[in-house]
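# Topology and contacts: notes
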Amino acid sequence: MREEMAQRDAAELRRSHQKPRSPEGWGLLLALWYLAFYKPVITEGHLRRKNIEFIFIRFSAWQYAGCDKLWAGLVTTLCDSIRHHFGALPLSFYHVMGTRPRFASGFSQKEWVLKRGTCLKLWGMLLVLGAGLSILLVALLVPGIKEHHALKVVGSTITSLSGSSLVLGAFSVLKNLLVSEKQKIERLTNSERFASQLGFMSKVRREVGVLVDFLAFMEIFERRRLRVVLEITSLDVCYPEKVAGVLNAMNTLLSDANTPFIFILAVDPSIIVPCLEQTGCMKGLADNGYLYLNRTVTLPFSIPEMGARSRLRCLEAAVQTREDLMYRIITSNVERRRAKCQGVLPVPSRREADAEAVRCIHEAFHCLHDSADPLTHYLPANSTHVRRIVNTIPITLRLLLHRAGTPGTPSPRAAAAWVVLADQWPCRLSWVLQCLEDAWQSQPAPAFGTRSLWSIFQENVGELSTLRQPLHNVLSLDGDPELFQTFLACDFPFTARDARAFLGVTVNLDHSIRHKMGLLRGLDRLQ
C-alpha cells in the first residue's frame, strides 16, 4: 500500500504539477488560516485526483478485552490515532471554526471560498473592540473627562462585550485542545447511566462524524485522498459478545456511502463463526455465522498455505528471539579463557552444562533450518505454532541432558522431531501414549520396546474411531492425518522405547487429553 502511495503521488505530480501539502511547519499555519477563514469546496479537479495517503491504525482487540464495551475501544483508538496523525491544534480549530466541504456548483475549480460572514463578524468585533478601547482610554487619560464615570462605564461595557466573544472562541479551541475525542467517549462509557443512557450512540456517531468531515477538509488541503486503514487483530481470543460488538461497530462506521475507512480484519473464521453463532446478532440469518461474515466482509482474502521459504523465514525470526542461547555461549567461553590465563583448571560447572545444552539446541535448530532434512517439511504454517516449537525445543533438550545418565538418550534431531510431533498431532500422539501406558500396566515394558508407534496406532485406530464424538474438539487440533502417517511410518519411525524416553520431558503436550482418553477407554471397556 505504501508503494501504491508513492507511485500515485509521482503520477499526480506529473499530471497536475502540484505537490501535496502537509500540516507541518508553515503548512500548519496555512491549515489554521484556511480553517478559520475559508470554506472547502469539492471540485471536479479534486475528484480527478488519484494520489492517496493511507493512515494506518493497528487495533489489537486483546488489549481492550477487559473493558465492558470492546467496540468503544475501537472508536477511541480511531479518534486518538487521527488526532495524533494530524495534531491536536488543527482538529481543535475544526471543532470550533471548521466547515464541512460542499460540492462545487457548475464547473468551478475554486477549492476555497472565503467565509464572508465570519470575516464580517470578526472585523465588526475588532472595530467595536477598538472603539470601546478608545472610549475607555479617553475616559481614563484625557484631562477634564476623567470625572465622567458614564463614559468609563460605556467604554468598559463595549470592550468587555466585544472581547468576550473572542475569549469564548479561544476558550472553545483550548477546551478541545485539552479534552480529546477519546476522553469524551471514555467519559460517556464511564457514566453510571451508561447502560440506560438514551442517545449515547448518537453522541458517539457525532464525534466520528466530525472526524469524517475533518478528513474531508484535510483531503482538499493536502491535495490528495485520505483513507484510514484499521488493522483489527486478536479478535479471535476475545469473548463472543465482544466479537459481535466490534463487528457491529465496523458496520456502523462503514454505513455511510463516502466513509474514508478501510478495515482489515485478520481473524480465523473457524473461531469467529462459532462466537457469532453464540450471540443474538444471528437472528434472521438462520444462525449462520458464515452468512454474517459474507455480508460484512467485502473483500475476502484467505492467506495461502505457507511455502518452504516462508516457513524458514518464520523459523529464523522465532530463533532470533532466543538471544539467551548465544549469550550463554559467550559468557562460558570468556570464563574458560579467564581461568586458563590465571592457571586454574576449569571445574565442570553449571555453565559448562549450559554450554553443552546450547550446543545441542543449535544442532536441533540446524535440523529445522536444513532444507534437505525431512523435518522442515513438517513445520507448521502458523507462526504461533512455529514460535511454540522454537520455545519448547530448548526446554526439552535441557530436560533430556538433565537425565543424561540414563541409557539411550535421544539425539537433538530426534528431540526436535518429537516436539514437532507433539505440536502438530496432539490427539493422535496422546492416543498412542495412552495405549502404550495401558499395555505397560498389563505387560512388561521390554515386550513393547522395539515396536513402532505407527504400528501401535494402526492396531488401536478402530477404537479411537468409536470415540471420535466425545473427542471431537481434541481431534480438531491435529494436522493432516496423511502427514502423520508419513512422519511415523517413514521419516521418523519412533519406537515404544523412544516414547518412554520422551514421555517425562514432553512439555508441549496437554496430558489432560491422555487422561480423558484413559477414562473414556475404561468406560468403553466396562460397556
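Heads up: these notes are all about the structure in this document. (Residues numbered from 1 in each chain as written. Predicted model: local features only at pLDDT ≥ 70, side-chain atom pairs only at ≥ 80, totals over all residues. Heavy atoms only, no water.)

## Some remarks on the packing of aromatic side chains
- Scanning all chains against the criterion turns up 23 aromatic pairs.
- Considering the side-chain rings of Tyr-34 and Phe-221, the 6.2 Å spacing of their centres and the 65° angle between planes classify their relative orientation as edge-to-face. Placement of the pair is Tyr-34 in helix H2 (residues 26–37) and Phe-221 in helix H9 (residues 200–222), with a sequence separation of 187 residues.
- Looking at Tyr-34, the relative accessible area reads 15%, which means it is buried.
- Centre to centre, the rings of Tyr-378 and Phe-492 are 6.5 Å apart; their planes meet at 70°, and the pair counts as edge-to-face. With Tyr-378 in the loop between helix H15 (350–369) and helix H16 (383–402) and Phe-492 in the loop between helix H21 (481–491) and helix H22 (496–503), the pair connects residues that are 114 residues apart, well separated along the chain. There is no split in this pair, since Tyr-378 and Phe-492 are both buried.
- The rings of Tyr-378, Trp-418, Trp-425, Trp-454, Phe-457, Phe-484, Phe-487, Phe-492, Phe-494 and Phe-502 are connected pair by pair, giving a single aromatic cluster.
- Directly above the ring of Phe-221 sits Arg-21, whose terminal nitrogen or CZ lies 4.8 Å from the centroid. (Phe/Tyr/Trp six-rings, centres within 6.5 Å; stacked < 30°, edge-to-face > 60°. Helix = DSSP H or I, 4+ residues; strand = E, 2+ residues; numbered from the N terminus. Buried < 20%, exposed > 50% of the residue type's maximum accessible area, 1.4 Å probe, protein only. Lys NZ or Arg CZ within 6 Å of the ring centre and 35° of its normal.)

## Quick word on the side chain of Glu-53
- Relative to the elements of secondary structure, Glu-53 occurs in strand S2 (residues 52–60).
- For Glu-53, a relative accessible area of 12% puts it in the buried group.
- Not counting residues up to four positions away in its chain, the partners in contact with Glu-53 are Met-5, His-85, Glu-222, Arg-224, Arg-225, Leu-226 and Arg-227. (Contact = heavy atoms within 4.5 Å.)

## Notes on the sheet that holds strand S1 (residues 38–42)
- Pairing within the open sheet is mixed, and its 3 strands lie in the order S3-S1-S4. Because the sheet does not close on itself, it has two edges, and the strands there are strand S3 (102–103) and strand S4 (112–114).
- The pairing of S1 with S3 spans 2 bridges and is parallel. By the bridge assignment for S3, Ile-42 is matched with Phe-103. (Pairing = 2+ DSSP bridges.)

## Thoughts on the nonpolar core
- Ranked by size, the top nonpolar core spans 57 residues in total, and within it Ile-393, Trp-418, Leu-421, Leu-453, Phe-487 and Phe-494 carry the most contacts.
- It is helix H17 (residues 412–424) that contributes the most residues to this core, 9 residues altogether.
- With sequence-adjacent residues up to four places away left out, Leu-421 is seen in contact with Pro-426, Leu-429, Phe-484, Phe-487, Leu-488 and Phe-494.
- Of all hydrophobic cores here, the second largest spans 53 residues; its members include Ile-55, Cys-79, Ile-82 and Tyr-292. (Core = buried A, V, L, I, M, F, W, Y, C linked by side-chain atoms within 4.5 Å.)

## Here we look at the pattern of salt bridges
- Counted under the stated rule, the structure contains 19 salt bridges.
- In this structure, Arg-48 and Glu-44 form a salt bridge, with 2.7 Å as the shortest nitrogen-oxygen distance.
- Residues joined in a network through salt bridges with shared partners are Asp-9, Glu-53, Glu-222 and Arg-224. (Salt bridge = Lys/Arg side-chain N within 4 Å of Asp/Glu carboxyl O.)

## Structural notes on the sheet that holds strand S6 (residues 261–265)
- With parallel pairing, the 3 strands of this open sheet are ordered in space as S2-S5-S6. Because the sheet does not close on itself, it has two edges, and the strands there are S2 and S6. Taking each pair of neighbouring strands and ignoring which way they run, the sheet shows an average axis angle of 20°.
- Packed on one face of the sheet, helix H10 (residues 240–253) meets strand S5 (225–233) and S6 and runs near 155° to S6. (Axes fitted to C-alpha atoms, helices over the stretch in contact; angles between N-to-C directions.)

## With respect to the environment of Pro-493
- Among the secondary structure elements, Pro-493 is positioned in the loop between H21 and H22.
- Sequence-distant contacts of Pro-493, defined by excluding residues within four places in its chain, comprise Phe-487 and Leu-488.

## What about unusual backbone geometry?
- A positive phi angle, close to 60°, is found at Arg-223, a residue other than glycine.
- Within the element layout of this structure, Arg-223 appears in the loop between H9 and S5.
- Even without glycine at this site, Ser-234 takes up a positive phi of about 60°.
- As for its position among the elements, Ser-234 is in the loop between S5 and H10.
- For Ser-234, a relative accessible area of 26% translates into the label partly exposed.

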